[in-house]
Every structure is written in C-alpha cells, then in structure tokens.
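Topology and contacts: notes
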2 protein chains.
Amino acid sequence: MNYKKQLEEYFNEVDARCVLGLSIDCVIFGFYDNQLKVLLLRWKQTEEWGLPGGFIYKNESVDVAAQRILEERTGIKELFLQQFHTFGEDVRYNRQEISQKLSWPDTSSRQWPDRTVSIGYFALVDFSKVAPTADFLTDECRWWDVEKLPSLLFDHNHIVAVALRTLRVQLSWQPVGYNLLPEKFTMPELQRLYETILNRPLDPRNFSKKMRALGIIERLEEQRKGGAFKSPYLFRFNKEKYEKALQEGNLAFS
Amino acid sequence: MNYKKQLEEYFNEVDARCVLGLSIDCVIFGFYDNQLKVLLLRWKQTEEWGLPGGFIYKNESVDVAAQRILEERTGIKELFLQQFHTFGEDVRYNRQEISQKLSWPDTSSRQWPDRTVSIGYFALVDFSKVAPTADFLTDECRWWDVEKLPSLLFDHNHIVAVALRTLRVQLSWQPVGYNLLPEKFTMPELQRLYETILNRPLDPRNFSKKMRALGIIERLEEQRKGGAFKSPYLFRFNKEKYEKALQEGNLAFS
DNA sequence: TAGCTTTATGTATTCCTTACATATTCACTA
DNA sequence: TAGTGAATATGTAAGGAATACATAAAGCTA
C-alpha cells in the first residue's frame, strides 16, 4: 500500500532528522459564527481526528518548530503563539490502539523511544485569514466547534482542555480578542468572543463600558449593515495603545 | 581521578536508564529572613553554582521525576510543585564552556544528543522544613537570596527569571504564602513575603484588611514575643477555606 | 407602515481599593 | 523604674470599579 510506504519513509526521516522522543501539539483557536473553534486534522483513510502536530529538527528551537508547524497548517506566518504545557505522563495514551486506528506499519525498527513527551502550544488566529490545509498524512483539515469536539486521537482531548483553561486565565490578563478577531469588528462580536471563552453571558452595557474604558479599541464611523436591525458600529484595536497597556499590565479583565 | 570516573559512570547510567535529550530543572523557592530564596548547588571541585536538576526515567512521568528530584534535594515529600515552562532553544548555552567549567570527561561516546530540552518546575517550600542536601555531583547545597544570585551555569539565570515572573503572576491568583510560610506566621511576615515577591512596598493597614477579607487565614490568641516592640499576633491558614476559595476562584490579589 | 430583531446606551448601588497617622506594646538602658 | 526606641495594630474617608437593570433607535421584511 502506497500510503503505508510513505508513512514508513516519513518515520525514518523523522528519526534521522528530528529530536527523538519529543513532539509538538498545536491547539489552533479561531472564532467564527459566534463560536470558538479548533482546527483539527483527519488522518488518512480514517475517521479519526487529532490536533496538528509535528517534530523538532535537531538544531531547531522548539518555538520555531511550533511556528513552522502552524504555518504549514494555516498558511499564516504571524500569529499569536504560546507554549502552554508540556505533557510528560509516562502513559499518555494506548499506543497499540492508536497504531491500529491509524493502520501504522510495524514501527519496531524505529529509533523512536517508547514514549513521547509533547510540548503543547496554542495559537490564536483570525479565522478569515486561514486556509486550512491537510498534509500527506491527513485527508481533511477543518474547524470544529470547541464545545462539540469528537473523541480525538492520542491524549488530544486532554490537551485541548488544558489549552482552553489556559486561554480562560489569559483572558483576564490580556485582550485575546486582538488575535482572534478580524481587523474590524462590532462590539457584540467582541462580547460573543468573551462569552464563548468565559462560557458565561455578559451584560452588554457593562461589557461595552469596560472594553472601552481599557482604552485600546476605537470606534469607527463605519457601521455594518445587513441585518434587519439597528446597524452596529465597527471598532478596531489600537495597536500602540494595546501594547502600551500590556506592558503596564493594565489589562486585567474579570 | 575518582570523581571523573564517577561522572562517566553516571552519564552511562543516565543514557541507559533515562529519556534521552530531556532534563528537568527545579527552581526551589523558600522564604526566610524577609527574603525570597532559591536553593542552589555548587558543583564538585568548582565555584560554579546551578539549579538542582535531573533526568527522567524511561517509564516515569515527568511530574513524578520532578518530585523525585526535589525530594532528593530538600527531603520534603509533599510540596507545591508546578511545571512552568519548557526551555527548548536550540542553543541554550555554550556547551564547551560548561564542559570545561565542570571538568567533564570526554562525552563523545555518549548516546545523549547534542542538545537538551529542559522542563522547568518551581517549588514553594517551607524553609524551616528543608534540609538542603548536596549529592555526589555537588559539594554544597544552600539558599541564595533571589536578588543576589551569582552567575549560574547553563541558562539557569534565565530559568530563575522565568520562574520568578510566573510566581509573580500566580501571586495574583492564589495565596502563595500557604506554601512558603511555616504553619504559624505573623501578619508582617506575610506582608514581607508579598512585598518580596511583588518587589514593591505595601501598606500594612490595607494589606492586613485584604488578607483577612479573603477569609482564609485565622488569627490565633498566641503572640510572638521576643522583640523590643509590640508583640505581633500569630496567624495560620485555614486549609479548608483556602481550598474552597481556590476552587471558586475568589483569590485574586492585586 | 407595522412588526420583528438586534443594537446602543445611563444611572444608582455596592463593593473594592487606596491613601493616610496614631496609639500600643515590649525590651532595653540609664 | 522611668524613659526611649522600634515595630505592631488599627479606622475612616474618598475615589474608582463592578454590578444590576430597561428602553429607545435603527434596519429589514412583509
């Protein structure tokens, strides 16, 4: 079978070129249709979904490797990318089960050690700029609603859960919206984003007041038409003020 | 030379028994004499100091390995231990320089790869319960004032800096004092701890008010005598309330 | 033009944060 | 034993932030 052969070659290349026993898993968050989304890959010839991931070249910084993997998957070069946890349990998942699900060839001749430690990164991307791209290991790459993920391969459900928890904590420190929204957005959109991440409803009057008080967004004259209702104003982040406030640590949000 | 022989054997054992290319570095914080301290080791027959660290057995969880390493260094079994960052730069330090400083034997026959990724943990310990213990690689193990660290081996100054930054952020989320102070402590002691970690002075009236408002400490009838001044009351953490508040996320501190 | 949907917005209350100064206690010593 | 010095304990007023809450306006559709 052609694909199996390819896999074998890939494994050989990884063993030769990459740091052994270490991997990277990326949780790529996007926001669309008032929902927080995660980018998942479907493995070739299966119905099994998992996170995009990869390996680290022998002389490559782990951060750079994560960036490279993300770029391959999303086509985006500049994005918010952050290491959030390293998963080092001795048994992270049932290897036999995975091997079977993915029809992996016999890997007993590999140099790869018995267990893999994985470094988790999460990325926040502007949904509208992403072109989800499957690779030669996978048939499909698409966004999934974070609340409705299927059962994932490896320990990837756990990894997503930890990433989400980290994102929630970070939200109270920095306006994550900057990275998840397109350049122009409406106040209700921003509010939905916060509501989705925090998983609770917010009062629109208080929310608007608070976000505007932070002093990092500005209202444009433009409005977005299109619905059978009052047109919302468009806003955008003021990058300078945003970064200044970040440095001064004035961005707590509760 | 006996020590070199020992080192060689140690390296061989590590290669055989441990996950290759991965290490753990621990930043152990203690509080004493109104200062935040870090536990450092002096390598045998040198004046070079570094963080306690070690390697992960092939079938050992990384968290467990960190715990094991800490226990060896401090004698404490139960402590607050948290992974805070994985250091994966491709060039973390000048290997030749280190090898020379520590008079390492020729390591070219080792299986160990060219670069090591290190997982950083920090621990908060009750200074009074620790028995700093050097191992066979080191001559001395002692506390250093966090503000007055010498130039450390490897990238350990950087690792301490990242740990400290993490600790500062965490302080606004949970009362770190619980892990760093002895069972009974005075309000001024608690205040010094916060001042040290936050690196700024706090108002004693407001501090006392705020800490007591959190509802997780209780004042004892006891006072601590001994100085030529009014005796301070002793307090202790109420573990149940502390954990309840942690779960409810009511412990922000700014 | 009536109706439906979503947006935009202000005020009163409570809570939290900050700023700030003095009286008390203990040990030491003269 | 009275006086001194050092650190502790404590309350109040003012300003700012968070919360709770309801209605009018705008755009589209029928």
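Residues numbered from 1 in each chain as written. Chains lettered and ligands numbered in written order. Predicted model: local features only at pLDDT ≥ 70, side-chain atom pairs only at ≥ 80, totals over all residues. Heavy atoms only, no water.

Attention shifts here to the domain arrangement of chain A. All names here are of chain A. Under the domain assignment, chain A is made up of domain 1 (2-171) and domain 2 (177-248). Averaged C-alpha coordinates put domain 1 and domain 2 at centres separated by 31 Å. In this assembly, 16 residues from domain 1 lie in contact with twelve residues from domain 2. Between domain 1 and domain 2, a total of about 1,300 Å² is buried, with carbon and sulfur atoms accounting for 67% of that surface. The largest share of the area that domain 1 buries against domain 2 comes from Phe31, Arg168 and Leu171, three residues that together contribute 46% of it. Inspection of the domain 1/domain 2 interface yields zero salt bridges. Linking domain 1 with domain 2 are two residue pairs in polar contact (both at pLDDT 80 or more), by the criterion used here. Elements represented by at least two residues in the side of domain 1 that touches domain 2 include exactly β1 (22-32), β2 (35-43) and α4 (156-171). For the side of domain 1 that touches domain 2, a count of residues per class yields nine nonpolar, four polar and three charged. (Domains from an automatic or database assignment. Contact = heavy atoms within 4.5 Å. Buried area = accessible area lost by both parts, 1.4 Å probe. Salt bridge = Lys/Arg side-chain N within 4 Å of Asp/Glu carboxyl O. Polar contact = N/O pair within 3.5 Å; in protein donor to acceptor, adjacent residues only side chain to side chain. Helix = DSSP H or I, 4+ residues; strand = E, 2+ residues; numbered from the N terminus. Nonpolar A, V, L, I, M, F, W, Y, C, P; charged D, E, K, R; others polar.)

Residue and element names in this part refer to chain A. At a closest axis distance of 9 Å, the pairing of α4 and helix α6 (residues 187-198) adopts a crossing angle of 130 degrees. The angle between α4 and α6 places the two elements in the oblique class. At the point where α4 passes α6, the crossing takes the left-handed sense. Here Leu167, Arg168 and Leu171 of α4 come into contact with α6, specifically with Tyr194, Thr196, Ile197 and Leu198. Here the residues of the contact of α4 with α6 sort into five nonpolar, one polar and one charged. (Axes fitted to C-alpha atoms, helices over the stretch in contact; angles between N-to-C directions. Parallel < 35°, antiparallel > 145°, perpendicular 65-115°, else oblique. Left-handed = near helix turned anticlockwise from the far one by under 90°.)

What follows is about the protein's contact with DNA strand C. Lys209(A), Phe229(A), Tyr233(A), Arg205(B) and Lys230(B) are the nearest of the 23 residues found near DNA strand C. Side-chain polar atom of Asn206(B) to a base nitrogen of DNA strand C: 2.9 Å apart, as the coordinates give it. At 3.1 Å from a phosphate oxygen of DNA strand C is found a side-chain nitrogen or oxygen belonging to Lys225(B). Elements supplying a minimum of two residues to the surface near DNA strand C: α6 and α7 (204-213) of chain A together with α7 (204-213) of chain B. For the surface near DNA strand C, the element with the highest residue contribution is α7(B), accounting for four residues. Residue classes in the surface near DNA strand C are distributed as seven nonpolar, four polar and twelve charged. (Near = heavy atom within 4 Å.)

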